[in-house]
Each structure stands twice: as structure tokens, then as C-alpha cells.
Amino acid sequence: MTAAQVTIADRGTTNDSDTNEADWWRQAVVYQIYPRSFADANGDGIGDLAGIMSKVDYLAGLGIDAVWLSPFYPSALADGGYDVDDYRQVDPRIGTLDEFVDLVERLHRVGIRVFVDIVPNHSSNRHPWFREALAAAPGSPERARYVFRRGSGEQGEIPPSDWTAAFGGSTWEPVGDGWYYFHLFAPEQPDWNWDNDEVREDFLTTLRFWADRGVDGFRVDVAMGLAKGFGSDHPATLPTQAELAEIPIGPDHPYFDRDDVDEIYAGWREVFNQYDPPRVAVAELWSEPSDRKARYATPQSLGQAFYFDVMHAGWSATRVRRVVDMVLGWADQSGSSSTWVLSNHDVVRHASRLGLPDVDADDPWALAERDRRWLLSGGVTPSENIAVGLDRARALSVFLMGLPGSLYLYQGEELGLPEVADLDASARQDPVFFRSPGHNVGRDGCRVPLPWTASGPSFGFGSAGSHLPQPAWFGDYAVERQEADPNSTLALYRRALQLRRELQGPQRLTWVESGSARSRVLHFVRPGGWHVLTNFADHRLTWGQLGLVQPSADRILLATTELTQSAVPAHTTAWWR
Ligand code: GLC
Ligand code: CA
């Protein structure tokens, strides 16, 4: 057995940085709650804060360090709540501010911290400031809070550019007077103008508002998008969509990852540091691998960034290894920690994804493209693929749990829940579905309300229906059922997270190269002799093939499928010491 390399050095102010209160987030496990789909206490089909309150014991039993609540703010739900009408209020369908404060207190009492979602790239078109902007004249201070530009042609009838929005259609919406406002996403989501001091000040007020109510951290939506290199007083001509596609995101791009975002987050950091312990934040970054991502994670900026690259590595030892080294490098470079994510409310659930045929391409978007096509074709999955997907999901999740750094889980993944891939068009809510007809079915399939019980109305989600229909098979994955089964995915998550907490040490790992099986296996050791090994092959590998002496039974801590016949089965992760 050869110790290959030490990939990351200790981080933080002391050798064991996690003992420092202010560093609690560095290796935290954060569980994402999509409030509308978690638990519905009042039986109106929409999950609510009282529902989350009723599941605090469940959350505590998972062994997580924090929850992140996706938006619960007043919203017309043009984009599942990422279209915010009021940044400092709770949607009455979800609860009240008092309930929010109670919930934070309750979670804190069981040792769970709270992140809220901040959506700074755009508001909703119902936000009072946007209404004011529409009512005011071109060039007015009211319009200056958003990104307006005049169209060309005599009456301004030609939009400022032919750019396409992330959800389809134009990025420019005419307002009837020859002017247009810019929206990166749906027309109901007008982009803020971050050159505007009132906008900047108002977001600082929002950050303080939630921090004063006990919120520990912020997940920052579309963190790369805020700074715009255009607007009413910027260059007269904009690149065409074809030209835009050639501009790498970064300083020269009109709206993605410009250098000026750094200064915005430096201002946020000042606010975070006024609290004790300092408030924390994590940047949502969707981009190709780039060292620029680490900028968002420095102590002068948001402090942590999502590196979704592992999602795009699929089920491949070589690709996962490459991503792990890359992400640990960024963590080191930024003085932060790595973030590991397999699922969230924007992607196909990984228990389904990992059962699909692999696409071995260097293009980071190749697998997302495969998933899009799969959903479009009706999401049919042969039952053997369901079983393989679940085995791989368990193995890859437990592999990530062993890595240094923090881990973000998405509600339902602890149940091994698959995607609901065949939702009827009439049930769909995601604007992606409506704005890209025939191209994209959207993200509703990972947002279907959780099954808590094996039967009964909405499988225990609430006393009545659920806002997205649950399939009949949901009951098989119910919490109730999994609590009674020691081999369930829920039992595995609980056990692994508990062990992880006990074993966690400095943010370091040492790769072990695995004999002749190298390209199909990943194996590393954490400080304290905690071994993590994943067999990515479709067949079992004996300990001999792995170049290892079989650890005695009392040294095995955990395995995602049963270890038999002196071998590690296919699609399995084992931990030992
Ligand atoms: C982020 C959110 C996504 C939303 C988009 C626009 O990517 O995660 O759900 O649609 O931003 O706000
Ligand atoms: Ca409700």
C-alpha cells in the first residue's frame, strides 16, 4: 500500500480548526429543505414552517449540522419562490415571521443551524420597487434600480439585443415606451441593477434582518450574475447572442462572473463579521471548472462556494478523482473548505441519474444533457437500472461523506428517492417547462413532496393532497418504512453521518492507489486511519485485487452493500479503520 500524495494541508487558525466556534461550517453537513415540499401542517397541499417544526426530531436524528431553507418569501411562484416579492417577510401560505423565529430557536436547541436563501440577482415583478419602476419615466431613479435599456428602431421596437434567457425566450421584456428591462431568468424576475446604491443598501438591510433573527448563514442564489457590464448608460451596442456564446464567463462577459461582484460580497462580508460568530454564506455557482470560483469562497468574500463539478462527473472513478483533486485545490486556494453536492432542487435526483447509461465525455455538461433528454423522452427506467442507481447513489453519497469539507444534502436523498420523471404536463409548475416547450421538461420531478408514511393522504406529507402529485410507488420510500428497516438508505445515512461526526478530523486526505483495479476504485485515508474505498466497477473486487489485506470484521465501520466472499461488491463504498 503506497501513500500517494497529501492533497490538502490543514486549514484554519489551529490544527484542529473545527473546534473553533467560528469555524463550525467548514466541515458541516447542511440539509436543504424545499419548504413547499417538505411537510404540510395545515393540509392545504403546500409545505409550511409548522410542517418543518413538526419534523425537528427527524432532522436532529439525521445527524446534520444545519438546514438551508429554499425561499419561503411572499411570491407568485413564477419560479418556485425564486421570484421574491418581499425579502423580509414569510409567505402567508408558508407561515409567519413569528413562526420563523420560533423555528430557528427550536432548531438551535437541537444543535442545528439555519441558512436562508438570498436571491440578489433579481426580484419578482411584483416587488414594490419594480412596480414603482414601471410606473415611473425612463431615466428616473425608480427605473435605475433595475436594468433598463432603450430598444432601437424609431419607436424602440427592436430589443437591445437578441440574447436568450436561461429559461428560454428573450432576456428583454418591453414595457411599452420603447424601453426594455433585462431578465436573466423568467420575465417575472427582473434583474437588479447592482450599480445602484439603494439596491446595495437594501440587501445589506435584508442580511441584517435575518441575521438579527438568528439566521446563521446565507445561500446566495446566482452569485455570479449580479454585476452587469451594461445598462442604460453603458456601451451603445451589445454583442449578439452568437458573439456572447464565445465570451468566456469572467471579466469580459456582460453578466457572468465579472470582477465587480467581488466588491459587492466584500460589503456583505463586513456585515457578516459584525456578528458573533460571524455569519457565513455559500455562493451558488453554475459554471465550468475554473479557478475563478475560489474567489467567492475567500474570507474576504462569501466564505464558501458550491462546486457542482462532482455532479457532472457521474459514475466514474477517474472523473470523480479528477474533480475531488480540483475541488480540494480550490478549497486550499481560497482558505475555505470544499463543498460536496449530488442533488438539489435544480437537478435530476442522483438515485435516478446514476442509474442512467454513462456518457464518457470531458464536456462538463454532457451528463446534464443526457438527463435532459431522458426526462424529455418520458423518463422510463428499467427496474434493474433503478436498483443500480440506488446502489451507486448510496456508494457515492457515502464516499462524499468521507471527504474533507462540507456536504450539502437535498431533502429526500436520505431516502434514496428517485426522480418523478413522468409528471403529467398539466401538473408541471416549473417555468423552464413553459418557456422551452419540447426542449426541457423542467425541475418539478425532484420537487415532489416527501413521503413520510407508506399510505394515507399524500403519504403523510399533509392531511390532504400535495401541490405536485406523488406517484403510487412513493410509499415504498416512506420514512416510516425506512425507519423500520436497518438496511434502508435512511438507516445508512444516519449511521454514516453519525460516524462521520465521530471520525472527522483535519481537512486532509491521502490517496491510496489500488493495485490493478486503480481505474475502477477510489481509496483514501483520513487522519486517524479512517479508510474510505469505493468500487466503481460493475463486478466485485477481491481485497487481493485491490492490493489490500482484508480488514478484519471488527475494523469495518460501514459498507453500503454487504461485504461478502472476501471482496468489495460492485457499486459499493466501505469505511474501515
Ligand atoms: C438558482 C436556483 C433556481 C432558480 C434560479 C433563478 O439557480 O437554484 O432554482 O430557478 O436560480 O433564481
Ligand atoms: Ca400548508
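Here the structure is shown first, and the text comes after it.
Scope of this entry: the structure provided in the associated data block. Just so we're clear, the structure is a prediction, and the values are computed from it rather than from any experiment.

### Quick word on the site of ligand 1
Inspection of the region around ligand 1 gives 14 residues, with Asp-79, Asp-221, Glu-284, His-345 and Asp-346 positioned closest. Here Asp-79 contributes a side-chain N or O atom positioned 2.6 Å from an oxygen atom of ligand 1. Arg-219 places a polar side-chain atom, nitrogen or oxygen, 3.0 Å from an oxygen atom of ligand 1. For ligand 1, whose unbound accessible area comes to 310 Å², protein coverage reaches 97%.

### Details of the coordination of the calcium ion (ligand 2)
Only Asp-40 (OD), Asn-42 (OD1), Asp-44 (OD), Ile-46 (O) and Asp-48 (OD) from the protein coordinate the calcium ion (ligand 2), and they sit 2.2 to 2.3 Å from it. Look at where the donors of the calcium ion (ligand 2) fall in the sequence and you get D-x1-N-x1-D-x1-I-x1-D. On the accessibility criterion, Ile-46 (17% relative accessible area) is buried.

### Side note on the side chain of Gln-470
The topology assignment puts Gln-470 in the loop between helix H12 (431-435) and helix H13 (479-483). Here the side chain of Gln-470 touches Ser-458 through a polar contact of 3.2 Å, landing on its backbone oxygen.

### Observations regarding the sheet that holds strand S7 (residues 179-182)
A sheet is described by the order of its strands in space; here 3 strands give the open sequence S5-S7-S6, paired in antiparallel fashion. Two strands bound the open sheet, and with one partner strand each, they are strand S5 (148-150) and strand S6 (172-174). Taking the axes of each pair of neighbouring strands and ignoring which way they run, one obtains an average angle of 35° across the sheet. Relative to S7, S5 runs antiparallel, the two sharing 3 bridges. Of the residues in S7, the one forming a bridge with Arg-149 is Tyr-180.

### Describing the packing of aromatic side chains
For the structure on display, the rule yields 51 aromatic pairs. Between Tyr-87 and Phe-203 the ring centres are 4.9 Å apart and the planes differ by 70°, which places this aromatic pair in the edge-to-face class. One end of the pair, Tyr-87, is in the loop between strand S3 (66-69) and helix H3 (97-109); the other, Phe-203, is in helix H5 (residues 197-212), and 116 residues separate them in sequence. For the pair Tyr-87 and Phe-203, one class covers both residues: buried. Ring centres of Trp-172 and Phe-230 lie 5.9 Å apart, and the angle between their planes is 70°; this geometry places the pair in the edge-to-face category. Of this pair, Trp-172 sits in strand S6 while Phe-230 is found in the loop between strand S8 (217-220) and helix H6 (241-246), placing the two residues 58 residues apart along the sequence.

Parameters and conventions
- Residues numbered from 1 in each chain as written.
- Chains lettered and ligands numbered in written order.
- Predicted model: local features only at pLDDT ≥ 70, side-chain atom pairs only at ≥ 80, totals over all residues.
- Heavy atoms only, no water.
- Near = heavy atom within 4 Å.
- Polar contact = N/O pair within 3.5 Å; in protein donor to acceptor, adjacent residues only side chain to side chain.
- Areas by Shrake-Rupley, 256 points an atom, 1.4 Å probe, with all protein chains shown as cover.
- Donors = N, O, S within 2.8 Å, 3.2 Å for Na, K, Ca; no water.
- Buried < 20%, exposed > 50% of the residue type's maximum accessible area, 1.4 Å probe, protein only.
- Helix = DSSP H or I, 4+ residues; strand = E, 2+ residues; numbered from the N terminus.
- Pairing = 2+ DSSP bridges.
- Axes fitted to C-alpha atoms, helices over the stretch in contact; angles between N-to-C directions.
- Phe/Tyr/Trp six-rings, centres within 6.5 Å; stacked < 30°, edge-to-face > 60°.

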